[in-house]
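# Breakdown of the fold
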Amino acid sequence: MNALQRDLKRLVPMVEAAGAARAAADLHRQKLHVQPPVGWLNDPNGLCQIGDEYHVFYQYGPFDPTGGVKHWGHVRSRDLFHWERLPVMLYPDEPFDCHGVYSGSALVEDGMLYLYYTGNVKHPGEYDYIKQGRGHNVCLATSRDTIHLDNKRCLMYNQDYPAGLTCHVRDPKVFALDGRYYMVLGARTLDDHGEVLVFESADKLHWNHINTITTPKAFGYMWECPDLFELDGQWFLAVSPQGIACQNVYGCGYFALQGDWRTDCTLSEFHALDDGFDYYAPQSFAAADGRRIQFGWMGMPDADYTNPTVEYGWQHCLTLPRVLTQDGNGCLLQAPAAELNALRGEARQPADGETVETDPCFDLTASPAGDFVLTIANGLTLTYTEADRTCTLRFTDAAIAAGRTERKAVLDAPCRSLRVVGDASSLEIFLNDGAAVLSTRYYPAAGKVAVQLCGAGSTLYSLSI
Ligand code: FRU
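Residues numbered from 1 in each chain as written. Predicted model: local features only at pLDDT ≥ 70, side-chain atom pairs only at ≥ 80, totals over all residues. Heavy atoms only, no water.

### Focus on the pairing of strand 3 (residues 71-77)
As a reminder, the rule being used: Classification of residues uses two cut-offs on accessible area relative to the type maximum, computed with a 1.4 Å probe and protein chains only: under 20% is buried, over 50% is exposed, and between them is partly exposed. We count a stretch as a helix when DSSP gives it H or I for four or more residues in a row; a strand needs E for two or more, and each element gets its number in order from the N terminus.
Extensive coverage of strand 3 is indicated by the burial of 7 of its 7 residues. A two-sided burial pattern is seen for strand 3, the buried positions comprising His71, Gly73, Val75 and Ser77 on one face and Trp72, His74 and Arg76 on the other.

### A few points about the packing of aromatic side chains
Just so we agree on the cut-off: By convention, a stacked pair of Phe, Tyr or Trp rings (six-membered ring in the case of Trp) has centres within 6.5 Å and planes under 30 degrees apart, an edge-to-face pair has planes over 60 apart, and any other such pair is tilted. For a Lys NZ or an Arg CZ to count as sitting over a ring, it must be within 6 Å of the ring centre and within 35 degrees of the ring normal.
In this structure the tally under the stated criterion is 24 aromatic pairs. Consider the rings of Trp40 and Trp297, whose centres lie 5.8 Å apart with planes at 65 degrees: the pair is edge-to-face. Of this pair, Trp40 sits in strand 1 (residues 39-50) while Trp297 sits in strand 19 (residues 292-297), and the two are 257 residues apart along the sequence. Each member of the pair, Trp40 together with Trp297, is buried. An aromatic cluster of at least three residues, connected via ring pairs, comprises Trp40, Tyr250, Tyr280 and Trp297. Note that Arg344 overlies the ring of Tyr461, its terminal NZ or CZ placed 4.1 Å from the centroid.

### Quick word on the side chain of Glu16
This is how the line gets drawn: Definition of a polar contact: a pair of N or O atoms within 3.5 Å, with one able to donate and the other able to accept a hydrogen when the atoms are protein atoms, and with sequence-neighbouring residues admitted only if both atoms are side-chain atoms. In this analysis, two residues are considered to be in contact whenever any of their non-hydrogen atoms come within 4.5 Å of each other.
Residue position: Glu16 is located in helix 1 (residues 3-24). On the basis of relative accessible area, Glu16 is assigned to the buried category, the value being 14%. In terms of polar contacts, Glu16 uses its side chain to reach the side chain of Tyr60, at 2.7 Å. Not counting the four nearest positions on each side in its chain, Glu16 is found in contact with Pro37, Val38, Tyr60, Arg85 and Val88.

And the structure:
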């Protein structure tokens with residue numbers, strides 16, 4: 001352990017202890033979602049299952065609720081909803097990662113945890129930090145017990161990547177397939193083309209670039225946080241592209257792939273993963289029972305809307321764990337992991353148009369047959385019009401919106417199922433079994449939350465944890 005790591009290991013728990021009471025006083029502290037104890041959270045990292053425990057790491061800035069230098073926070077759970085906080089796993093404490101232990105993934109083999117991540121380095125000087133002045137290194141940390149690190153090393157520097165790229169090459173996602181290892185990395189070319197680099201390895205340490213996946217015409221200037229996975233024989237590539245036209249500052253979605261991504265493949269049209277305000281940088285992993293479980297960051301980089309939780313010294317959370325399936329036509333479906341159902345209290349069945357007061361943590365399901373309007377906390381509406389199959393999420397009360405206004409999802413089929421999961425300061429709305437999703441943070445007043453659905457009856461459960 002080097003001296004910087006030794007001191008950071010002492011300092012972070014002190015900062016967490018000092019901020020705990022202030023964070024706990026915030027009524028918008030989430031109950032069901034992974035959130036930082038203090039400070040800032042962004043992307044989910046290193047998702048995996050070891051034995052009967054799920055591990056989630058996340059981009060964590062313990063010293064600053066508006067960002068700061070990134071560490072890897074760490075929580076574990078047996079049921080995906082009750083999370084135990086563990087010590088920070090990765091600190092920015094080596095020359096190859098000293099300006100941030102950026103995003104990456106986990107590989108578990110023979111009881112050993114391999115964490116692949118991006119070491120961010122900013123060289124002092126007059127640089128643009130895009131084409132010059134920045135190191136984005138592929139690094140590997142290993143652990144036998146998931147708590148203590150055995151080793152941290154740099155596997156690839158920028159000079160080891162193919163020619164024609166800017167310094168922005170990051171977010172390794174690593175997995176094993178057919179006795180080999182594969183890594184995808186998000187990249188920005190010198191002419192501002194977002195792409196994904198595919199590498200192959202026989203030993204997890206030495207990597208060869210074997211293919212580059214991109215669109216024929218530039219689709220944004222940078223693809224962040226790639227995730228490559230298979231569902232029932234169909235491969236999907238999820239990316240978070242910067243520089244595309246979309247409702248948010250940056251986009252986030254997936255392509256279905258045709259052909260072999262190791263050699264040559266073509267991409268389907270791009271599908272948004274979530275049409276809400278707060279969703280970015282998702283990652284998934286294969287659970288032991290065969291499910292593919294995905295978490296996203298319930299936030300948006302560089303957004304102009306805000307989160308009043310900053311006044312309480314913390315900001316952001318992950319989404320619910322969402323199980324991914326595919327519909328047979330190259331489209332993904334997202335559903336909250338079924339473990340959520342165990343948190344449900346007694347079912348209430350509000351009639352069409354009836355207003356009910358519920359705990360902020362709730363789970364509402366309905367099977368609409370046409371137009372509907374859902375109103376939550378007297379300040380936010382979800383309006384569906386069958387004529388154009390459009391769902392509009394609109395804040396009508398600025399007090400709960402913290403700068404958010406309106407987002408739309410246009411459905412491929414008439415809306416026949418609606419599910420909304422509420423937490424203290426978030427809503428995740430699943431339409432047509434998760435063919436479309438809208439996620440948003442919101443900031444209701446203390447006490448119960450009023451919920452009214454006009455256009456269909458519903459079933460409403462409160463959730464307790
Ligand atoms: C996405 C991202 C990643 C990067 C990380 C840094 O939100 O920009 O590309 O690794 O956040 O925190």
